[in-house]
Amino acid sequence: MKCSKCGSDAVLFQDYSGMHLCESHFTADFEGRAKKAIRKYRWISQGDRIAVAMSGGKDSSALLHFLAKTFGERRDITIFAISIDEGICGYRDMKPVEKIAERYGVSFHSVSFKDAYGFTLDEIVAKQGDRISCSRCGVLRRHLLNKTARELGATKIALGFNLDDEAQSVLMNALRGDAETLVRRQVPREGFIPRIRPFIHLPEREVALYALLNVEGFIEAGCPYSKKALRADVREILNIYNYRHPAAKYALVNLGEGLKGNEGDNKTEPSICPECGEPVFGECQACRIVMEMKR
Ligand code: SF4
């Protein structure tokens, strides 16, 4: 197929726009939409120290490439990488991640569940079963990422979340009946490093293509626990539905954005966990997991 804009060979067909795009028009379209999201949410400003949460997979590697290309020359903006080693045997490997960070000339910081909490994710699974792997992993990762980013002086944490991830999150929160998360708006709060998601409006397959075209050596293997997660079911349902209704994921993300801030009188404010000193909403889930593992 040929590019709808210039007639060169196309690398992508966008079902939602009806356009075929060649590599250079795809790149311009992709980067333009990521920049538009950054402008819309005022995600990056002068003096920012951006910690890119790097797993070394396609999303975070593509994000580091995009941020380094867009802001790497800016003297007033610092970019660095943080990797969390959950301790998943045969899957998590820090070496390729460090290499990618090195290639972009950004400093690399690696922290592990084992050092921070005294146990690995594999040990949690051995004790509690693999059905809870992603929920425990998500809590501990967010906790450790926020703490590490703050200690390193980050003003923003950049996540490689794409349109599919965002749409899945909205649907998952709806299926769990978690209205509180759906309506809670991210506002500056003491101790929480604001999170930015420049790929929020870009489909997963386009992020994957951007990574393939631009990043050498990103990790392609998936986490062995991912198949057990609620997210895997939601992804499958959503992909089937989206095949017939290509705007469905955008609709879900728009719905999620529209709901944010409608907390009414139920607004909850964070407090500081007396055990770990991190800001929390309600009970500290990370400390609860640590207690469970000690029992
Ligand atoms: Fe953690 Fe689940 Fe992601 Fe694996 S798939 S890294 S267990 S959140």
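These figures come from a predicted structure and were not determined experimentally. (Residues numbered from 1 in each chain as written. Predicted model: local features only at pLDDT ≥ 70, side-chain atom pairs only at ≥ 80, totals over all residues. Heavy atoms only, no water.)

Novice: For this particular structure, what's the right way to read the sheet that holds strand β3 (residues 49-53)?
Specialist: Strands pair in a sheet through their backbones, by hydrogen bonds, and they do so in one of two ways: parallel or antiparallel. A sheet is described by the order of its strands in space; here five strands give the open sequence β5-β4-β3-β6-β7, paired in parallel fashion. Unpaired on one side and paired on the other, β5 (107-112) and β7 (195-196) mark the two borders of the sheet. Relative to strand β4 (residues 78-85), β3 runs parallel, the two sharing five bridges. Directly across from I50, in β4, lies its bridge partner I79. (Pairing = 2+ DSSP bridges. Helix = DSSP H or I, 4+ residues; strand = E, 2+ residues; numbered from the N terminus.)

Novice: Looking at this model, I keep getting lost on the packing of aromatic side chains. Mind explaining?
Specialist: Any pair of aromatic rings gets described here by the distance separating the centres and the angle formed by the planes. A complete count under the given rule lists nine aromatic pairs for this structure. Relative to Y210, the ring of F30 has its centre 4.1 Å away and its plane inclined at 10 degrees; by these criteria the two rings are stacked. Here F30 is found in helix α1 (residues 23-40), whereas its partner Y210 is found in helix α9 (residues 204-214), with 180 residues between them in sequence. With respect to class, F30 is no different from Y210; both count as buried. A centroid spacing of 6.2 Å and a plane angle of 25 degrees characterise the contact between Y117 and F119, whose relative ring orientation is stacked. Its relative accessible area of 6% is what places F119 among the buried residues. Cluster of aromatic residues (ring-pair linked, three or more members): F26, F30, F66, F199 and Y210. A cation sits over an aromatic face here: R184 above F281, 3.9 Å from the ring centre. (Phe/Tyr/Trp six-rings, centres within 6.5 Å; stacked < 30°, edge-to-face > 60°. Buried < 20%, exposed > 50% of the residue type's maximum accessible area, 1.4 Å probe, protein only. Lys NZ or Arg CZ within 6 Å of the ring centre and 35° of its normal.)

Novice: How should the UniProt feature "binding site: Zn(2+) 1" (unreviewed entry) in the protein be read in this particular structure?
Specialist: This chain's UniProt record puts "binding site: Zn(2+) 1" (unreviewed entry) on C3, C6, C22 and H25. Despite a sequence span of 23 residues, these residues sit close together in the fold, their greatest C-alpha distance being 8.3 Å. Tracing the sequence through the fold places C22 in the loop between β2 (19-21) and α1. Given the relative accessible area of 4%, C22 is considered buried. Once residues lying within four places of it in the same chain are set aside, the contact partners of C22 are C3, C6, S8, D9, A10 and V11. Inspection of the secondary structure puts H25 in helix α1. Contact partners of H25, with chain neighbours within four places excluded, come to C3, K5 and C6. (UniProt positions renumbered as here; feature names shortened; annotations may be inferred. Contact = heavy atoms within 4.5 Å.)

Novice: What exactly am I supposed to notice about the pairing of β5 here?
Specialist: A regular strand places its side chains so that they alternate between the two faces of the sheet. Direction of pairing for β4 relative to β5: parallel, over a ladder of six bridges. Bridge pairing in β5 places I84 opposite V111.

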